[in-house]
Amino acid sequence: LAGTGERAAATLMLAWLGFLMLANGVFHIVATVVHVRYCPGVVTATILYLPYFAWYFWFVVRHLRVRMAVAVVSALVGSVPMVIHGYLIVFRGDRLF
């Protein structure tokens, strides 16, 4: 999508990566800190997910010239389902299903 140069497609992809990589990465790090033990996935999240998301965010804002506010809102809105899911797991010991 980023290769197309279309800002709408790149912004939609940013929302998806906000869910898949940003919120998931933060979720794994928070789970490790809160439970004071290794959370499976934290290494992948820290080494791969968060850096890739940061690079893509920078690419969309810098090269595709998507406004910063639009990029931030897109990533945050996209991350909402994972944030809810992560909150339930880490702080309530529950699952969505």
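The coordinates are above.
Computed from a predicted structure; not experimentally measured.

1. Points about the packing of aromatic side chains
Phase 1: Summed over the entire model, instances satisfying the criterion amount to 7 aromatic pairs.
Phase 2: Ring centres of Phe 53 and Phe 57 lie 6.1 Å apart, and the angle between their planes is 40°; this geometry places the pair in the tilted category. Here Phe 57 and Phe 53 lie together in helix H2 (residues 42–62), a separation of 4 residues that amounts to about one turn.
Phase 3: With 6.2 Å between their ring centres and 55° between their planes, Trp 55 and Tyr 56 make a pair best called tilted.
Phase 4: Given the relative accessible area of 2%, Tyr 56 is considered buried.

2. A word on a nonpolar patch on the surface
Phase 1: A cluster of nonpolar side chains, contributed by Tyr 38, Val 43, Ile 47 and Leu 48, occupies part of the molecular surface with about 430 Å² of accessible area.
Phase 2: Here Tyr 38 shows up in the loop between helix H1 (7–35) and H2.
Phase 3: Relative accessible area serves as the criterion here: at 52%, Tyr 38 is assigned to the exposed category.

3. Re H1
Phase 1: Spanning 29 residues, H1 covers 40 Å between terminal C-alpha atoms, matching the ideal 42 Å at 1.5 Å per step.
Phase 2: At Gly 18, H1 shows its largest kink, close to 45°.
Phase 3: Just beyond H1, the residue with positive phi is Val 36, at close to 50°.

4. With respect to the packing of H2 against helix H3 (residues 68–92)
Relative orientation and spacing of two packed helices are given, respectively, by the angle between their axes and the distance between those axes.
Phase 1: Contact geometry for H2 and H3: axes closest at 9 Å, N-to-C directions at 145°. Read as a crossing pair, H2 and H3 show a hand that is right-handed. Taken together, the residues of H3 that come into contact with H2 (itself represented by Phe 53, Phe 57 and Val 61) are Met 68, Ala 71, Val 72 and Ala 75.
Phase 2: When the residues that make up the contact of H2 with H3 are grouped by side-chain class, the tally is 7 nonpolar, no polar and no charged.

5. Details of the nonpolar core
Phase 1: One finds Leu 14, Phe 53, Tyr 56, Val 60 and Leu 64 to be the most contacted residues of the largest nonpolar core, which totals 13 residues.
Phase 2: At 5 residues, H2 tops the list of elements feeding residues into this core.
Phase 3: In this structure Leu 14 touches Phe 53, Tyr 56, Phe 57, Val 60, Ala 71, Ser 74 and Ala 75, once residues within four positions along its chain are discounted.
Phase 4: One finds Ala 31, Cys 39, Ile 89 and Val 90 within the second-largest nonpolar core, a separate group that totals 5 residues.

Reading the values: rules and limits
- Residues numbered from 1 in each chain as written.
- Predicted model: local features only at pLDDT ≥ 70, side-chain atom pairs only at ≥ 80, totals over all residues.
- Heavy atoms only, no water.
- Phe/Tyr/Trp six-rings, centres within 6.5 Å; stacked < 30°, edge-to-face > 60°.
- Helix = DSSP H or I, 4+ residues; strand = E, 2+ residues; numbered from the N terminus.
- Buried < 20%, exposed > 50% of the residue type's maximum accessible area, 1.4 Å probe, protein only.
- Patch = residues over 30% accessible without salt bridge, like charges linked within 9 Å, V, L, I, M, F, W, Y side chains within 5 Å.
- Areas by Shrake-Rupley, 256 points an atom, 1.4 Å probe, with all protein chains shown as cover.
- Salt bridge = Lys/Arg side-chain N within 4 Å of Asp/Glu carboxyl O.
- Expected span 1.5 Å × (residues − 1).
- Bend = angle between axes of the 7 residues up to and from the residue.
- Axes fitted to C-alpha atoms, helices over the stretch in contact; angles between N-to-C directions.
- Left-handed = near helix turned anticlockwise from the far one by under 90°.
- Contact = heavy atoms within 4.5 Å.
- Nonpolar A, V, L, I, M, F, W, Y, C, P; charged D, E, K, R; others polar.
- Core = buried A, V, L, I, M, F, W, Y, C linked by side-chain atoms within 4.5 Å.

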